[in-house]
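As a plain string of letters, each chain reads:
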Amino acid sequence: MAKTALITGATGLLGRQVAKSFDRSGWDVKGTGFTRASPPTILKLDLGSEADVAKTLEEVKFVFSQFSVSSSF
């Protein structure tokens, strides 16, 4: 089962490389970007908006929970 990585700034030079590295390592990568978003992999996110951040975290949590397996903590 893949772990999920949320990469902010995934449309920028460094963020793109970080996202590719996680992807190559078998992670389920969800990136965020403001001007060059391309859902479902790169989600549009304004980091200055608390509502946008909360919405994005909920979306990624939902995506992760679809594939998660029950475990005890």
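Shown above is the structure to which this text applies.
How each quantity is defined
- Residues numbered from 1 in each chain as written.
- Predicted model: local features only at pLDDT ≥ 70, side-chain atom pairs only at ≥ 80, totals over all residues.
- Heavy atoms only, no water.
- Buried < 20%, exposed > 50% of the residue type's maximum accessible area, 1.4 Å probe, protein only.
- Helix = DSSP H or I, 4+ residues; strand = E, 2+ residues; numbered from the N terminus.
- Pairing = 2+ DSSP bridges.
- Right-handed = clockwise from strand over helix to strand, strands pointing away.
- Salt bridge = Lys/Arg side-chain N within 4 Å of Asp/Glu carboxyl O.
- Axes fitted to C-alpha atoms, helices over the stretch in contact; angles between N-to-C directions.
- Contact = heavy atoms within 4.5 Å.

(A) How the structure looks around the pairing of strand 1 (residues 4–7). Of the two faces of strand 1, only one is covered, namely that formed by Ala 5 and Ile 7; the face formed by Thr 4 and Leu 6 stays uncovered. Pairing between strand 1 and strand 2 (residues 28–33): four bridges, direction parallel. In the strand pairing of strand 2, Thr 4 is matched with Asp 28. Running through helix 1 (residues 13–24), the crossover from strand 1 to the neighbouring parallel element strand 2 is right-handed.

(B) Representation of the environment of Lys 55 within the structure. With respect to the secondary-structure elements, Lys 55 resides in helix 2 (residues 50–67). When its relative accessible area of 53% is taken as the criterion, Lys 55 is described as exposed. For the pair Lys 55 and Leu 45, spaced ten residues apart in sequence, the C-alpha to C-alpha distance is 9.0 Å.

(C) Examining the pattern of salt bridges more closely. Applying the stated rule across the entire model yields one salt bridge. Residues Glu 59 and Lys 55 are paired through a salt bridge, measuring 3.7 Å at the closest nitrogen-oxygen approach. On the criterion of helical spacing, the pair formed by Glu 59 and Lys 55 is a turn pair, its members being four residues apart in helix 2.

(D) Broad picture of the sheet that holds strand 3 (residues 42–44). Strand order in the open sheet formed by three strands is 1-2-3, with parallel pairing between adjacent strands. Taken across any chain shown, the strands that pair with only one partner, and hence form the sheet edges, are strand 1 and strand 3. The average angle at which neighbouring strand axes cross in this sheet is 25°, direction not considered. Most of the contacts of helix 1 go to strand 1, to which it runs at about 175°, and overall it touches strand 1 and strand 2.

Worth remembering: the numbers are spatial, not functional.
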